[in-house]
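Below are the chains, spelled out letter by letter.
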Amino acid sequence: MLDGNRPLDWAYRLFVYGLGGLAIAFMVAPVAVGLAMSFTAGQTLKFPPDGLSLRWYSALLDPEQSGPIHTAILHSAQIAVLTVLGAVLVAAPAAYGVTRLKPAASAAVEPLMLAPLVLPSLVYGLAALIASGRVGLSPSFGLVVFGHIVVFGPLMYRSCAAITQRLDPSLEEASALLGMGPFRTFLRVTLPLMLPGILAGMFLVFMQSLDNVSVTLFLADARTTVLPLRMFQMIEESLDVRVAAISGVLIGAVLLCLIVSWKALEPKRQG
Amino acid sequence: MNRNGLPFLLPMLALSLAGFLVPLALLGVFSLVDTAGSPTLDNYRRLFADPFILSVLVDTLGLGAKVVALTTVIALPIVLLYWHAGPKMRRVIVFLTLLPMLTSNVVRTFAWIVILGRLGPVSQAMVELGFFPAPRSLLFNETALVVVLAQIELPLLVLPVIAVMTRSDGSLAAAAATLGAGPWRVLSTILLPMMAPGILAGWVLVFAGATTSYVTQSVIGGARLIYLPQFVYREVGVLFNWPSAAAAAFVLLAATSIVMLAMTAASRHPRLAGHA
């Protein structure tokens, strides 16, 4: 497509292939650096490291040294799992229900349900803190989960709505003709068809909840330490190299998920 | 057939109203009363009268704008590479975009501390090349922060544009090339208008992300650079000055909303609405 019948435009080629390659390297390099740093044998963040070892991983695993980190990981995982469950329960039915509304009605409710995605979550964190104080709730684990469901539920909604809006209505009509009510139709026909959207949404919500700082910052009590804030403290206080090991674990998990979905989505060869 | 979808929507609608709209409205009310509870505009007046707070506001919006600009410059060759790539290469580019996007912000911020730190590769290379007499940290200034935030927000601009490209076919660009348009002409007259809706969507996300990234701003910018998130958090967490924090948060909200509305209005414009 680039060449056509005309002489090559070298400036354009250089722009697309040269700068494009550099830009992708810029985008990915920090991830590679984070992963490589986690295997350093040194005491400092010298990069490239002088030697390789697993010492920071074993320091991270050691319950004596890293107990607070383990607690933070546990809290973050619990919050993320509960947020995913809450998001599925609230947003998946909504993505189905919105296809059964008149177009004018769905155009009215959709922006409301998607609004938390685009508004700065920091503002929401402060708002939720003020509102919960008004009804007599103080920051707590449960409040963090609630805040995460509000802010990340729309991700699940969008991921599911991408599927429900393309569903063939005749499937539901057939189900209705066979005597199933709307709720059984939803459970038996629509929900299985929505599964890819739900799974994609679960993954996104989990990752976002795990990484969130701005909502947690306002809604967590002192006992509810979470991983990103714990890492933030470790970076601010001492540039602890164990942060590199945590980074290595998190990057490894993302890589694993991406490679699995890459394999699962591989186009099948015609045989 | 029963077309009533309302029962399925109720939980989410209730959550959006009670959990989202009501708190935001309360925040608005809070920003309009004084500590005794009587209505006043003083919180906003103080916000705009105090040169320090005003500079925080201007710096935050400026930071957002600079990150959007740098991200756009870096994203353009990436999406063009995607446009000219075959199916296999396209999947690789999507993979390489998703990898940093899904990696935790704190992890990427940490990696940048390694890269820009005193013992990092950039500082060492500068010493080798003779630009620095001794290794030194390149952190704790606005330029570093803009570069780091551009890397962190980059996938949020690249992915929407890629999504638009995947939906559109290349026949128009091919036709233009056949009719004698050079690649730059194809880029400016066909590809850019085609990408515009994705670019606008990405700009909103990048701006919102860059202006509110508390951890990255604190860690990379250092203690001397104060942006709205740090200011809001300090007002609440340290000074317990709720009305002032609420007013500052509302200004951040208003600024983001104005940018968003402008972008949405622009994306409705026929020339930018993807008719190409």
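Only a predicted model underlies this, so the values are computations on that prediction, with no experimental measurement involved. (Residues numbered from 1 in each chain as written. Chains lettered and ligands numbered in written order. Predicted model: local features only at pLDDT ≥ 70, side-chain atom pairs only at ≥ 80, totals over all residues. Heavy atoms only, no water.)

In this section: the overall build of chain B. When you go through chain B residue by residue, the secondary structure sums to 12 helices and zero strands. Sequence-ordered secondary structure for chain B, helices as α and strands as β, is α-α-α-α-α-α-α-α-α-α-α-α. Seen along its three principal axes, the alpha-carbon backbone of chain B occupies a region of about 75 × 70 × 35 Å. When burial is assessed residue by residue, chain B has 51% of its 276 residues classed as buried. Long-range pairs, those at least 24 residues apart, make up 69% of the contacts in chain B with a sequence separation of at least 6. Total accessible area on chain B is roughly 12000 Å²; 70% of this is exposed by carbon and sulfur atoms. (Helix = DSSP H or I, 4+ residues; strand = E, 2+ residues; numbered from the N terminus. Buried < 20%, exposed > 50% of the residue type's maximum accessible area, 1.4 Å probe, protein only. Contact = heavy atoms within 4.5 Å. Areas by Shrake-Rupley, 256 points an atom, 1.4 Å probe, with all protein chains shown as cover.)

A few words on the side chain of Ser38(A). Residues and elements named next belong to chain A. Structurally, serine 38 is set in the loop between α1 (10–37) and α2 (55–61). Side-chain polar atoms of serine 38 contact the side chain of tyrosine 57, separated by 2.7 Å. Once residues within four sequence positions are removed from consideration, serine 38 is found in contact with Ser53, Trp56, Tyr57, Ala244, Ala245 and Gly248. (Polar contact = N/O pair within 3.5 Å; in protein donor to acceptor, adjacent residues only side chain to side chain.)

Residues and elements named next belong to chain A. Taken as a whole, chain A shows an average pLDDT of 87; of its residues, 95% reach a score of 70 or greater. Within chain A, the element-level pLDDT minimum falls on helix α7 (residues 169–177), averaging 83, and the maximum on helix α6 (residues 141–164), averaging 93. In this model, residues 1–5 is a region of pLDDT below 50 whose contacts with residues beyond four sequence positions or in other chains number seven contacts. (pLDDT = per-residue confidence, 0-100.)

What follows concerns the pattern of salt bridges. Residue and element names in this part refer to chain A. With the rule as written, the count across this model stands at five salt bridges over all chains. Residues aspartate 50 and lysine 46 are paired through a salt bridge, measuring 3.3 Å at the closest nitrogen-oxygen approach. You can call lysine 46 partly exposed: its relative accessible area is 26%. (Salt bridge = Lys/Arg side-chain N within 4 Å of Asp/Glu carboxyl O.)

Residue and element names in this part refer to chain A. On the surface, Phe39, Leu52 and Leu54 cluster together into a nonpolar patch covering about 330 Å² of accessible area. Along the chain, phenylalanine 39 turns up in the loop between α1 and α2. Here phenylalanine 39 falls in the partly exposed class, since its relative accessible area comes to 33%. (Patch = residues over 30% accessible without salt bridge, like charges linked within 9 Å, V, L, I, M, F, W, Y side chains within 5 Å.)

Taken as a whole and judged by the stated rule, the model has 14 aromatic pairs over all chains. Pairing Phe218(A) with Tyr233(B) gives two aromatic rings, centres 5.7 Å apart and planes at 70°, and the pair type is edge-to-face. One end of the pair, Phe218(A), is in helix α9 (residues 214–219); the other, Tyr233(B), is in helix α11 (residues 228–237), on a second chain. According to the relative accessible area criterion, Phe218(A) is buried, its value standing at 3%. Pairwise contacts between aromatic rings join Tyr96(A), Phe183(A), Phe186(A) and Phe8(B) into one cluster. The aromatic ring of Tyr82(B) is capped on one face by Arg90(B), whose charged end is 4.5 Å from the ring centroid. The ring centre of Trp262(A) lies 4.1 Å from the NZ or CZ of Arg91(B), which sits over that ring. (Phe/Tyr/Trp six-rings, centres within 6.5 Å; stacked < 30°, edge-to-face > 60°. Lys NZ or Arg CZ within 6 Å of the ring centre and 35° of its normal.)

Residue and element names in this part refer to chain B. Its 30 residues give helix α9 (residues 183–212) an end-to-end C-alpha distance of only 38 Å, which falls more than 12% under 44 Å, the value for a rise of 1.5 Å per residue. If you look at α9, its biggest bend is around 50°, right at alanine 196, and the proline proline 197 turns up within four residues after that. Where burial is concerned, most of α9 is hidden: 21 out of the 30 residues are buried. (Expected span 1.5 Å × (residues − 1). Bend = angle between axes of the 7 residues up to and from the residue.)

Frequently, the measure chosen for interface size is the accessible area that the parts lose on association. With 93 residues of chain A at the contact, the number on the chain B side is 87 residues. Taking both sides of the interface into account, the surface hidden between chain A and chain B amounts to around 8400 Å²; carbon and sulfur atoms contribute 83%. One can count zero salt bridges joining chain A with chain B. Our count for the chain A to chain B interface comes out at 10 residue pairs in polar contact (both at pLDDT 80 or more). In terms of residues, the side of chain A that touches chain B owes the most to one element, α1(A), which gives 18 residues. (Buried area = accessible area lost by both parts, 1.4 Å probe.)

This next bit is on the state of the cysteines. Chemically, a disulfide is nothing more than a covalent bond linking the sulfur atoms of two cysteines. All names here are of chain A. Applying the stated rule across the entire model yields zero disulfides over all chains. Cysteine cysteine 160 is unpaired, with the sulfur of cysteine 257 as its nearest cysteine sulfur at 18 Å. The class of cysteine 257 is partly exposed, set by a relative accessible area of 34%. (Disulfide = S-S within 2.5 Å.)

Moving on to the nonpolar core. Of all hydrophobic cores here, the largest spans 171 residues; its most connected members are Met113(A), Leu126(A), Tyr157(A), Leu27(B), Leu191(B) and Ile220(B). Per-element tally for this core: the top contributor is helix α3 (residues 51–84) of chain B, with 14 residues. Not counting chain neighbours up to four residues away, the residues in contact with Met113(A) comprise Ala94(A), Val98(A), Pro154(A), Tyr157(A), Leu9(B), Met12(B), Leu13(B) and Ser16(B). (Core = buried A, V, L, I, M, F, W, Y, C linked by side-chain atoms within 4.5 Å.)

Below, the discussion takes up the packing of helix α5 (residues 105–116) of chain B against helix α10 (residues 214–221) of chain B. Think of two packed helices as two axes; the pair is described by the angle between the axes and how far apart they sit. All names here are of chain B. Where α5 meets α10, the closest approach of the two axes is 10 Å, and the angle between their N-to-C directions is 10°. When the axes of α5 and α10 are compared, the pair comes out roughly parallel. In this structure, α5 contributes Val106, Thr109, Trp112 and Ile113 to the contact, and α10 contributes Val215, Thr216, Val219 and Ile220. When grouped by side-chain class, the residues that make up the contact of α5 with α10 number six nonpolar, two polar and no charged. (Axes fitted to C-alpha atoms, helices over the stretch in contact; angles between N-to-C directions. Parallel < 35°, antiparallel > 145°, perpendicular 65-115°, else oblique. Nonpolar A, V, L, I, M, F, W, Y, C, P; charged D, E, K, R; others polar.)

So, on to unusual backbone geometry. Looking along the chain, the bond that leaves Phe47(A) and enters Pro48(A) is cis, with omega of -5°. Mapped onto the elements of the fold, Pro48(A) is located in the loop between α1 and α2. One non-glycine residue, Phe140(B), lies in the positive phi region at around 65°. Within the fold, Phe140(B) resides in the loop between α6 (121–128) and α7 (142–167).

Residues and elements named next belong to chain B. By the element assignment, asparagine 141 lies in the loop between α6 and α7. Considering only alpha carbons, one finds asparagine 141 and isoleucine 220, 79 residues apart in sequence, at a separation of 7.5 Å. Dropping the residues within four chain positions of it, asparagine 141 is found in contact with Ile220, Gly221 and Leu225. Engagement of the side chain of asparagine 141 in a polar contact is seen with the backbone oxygen of leucine 138, the distance being 3.0 Å.

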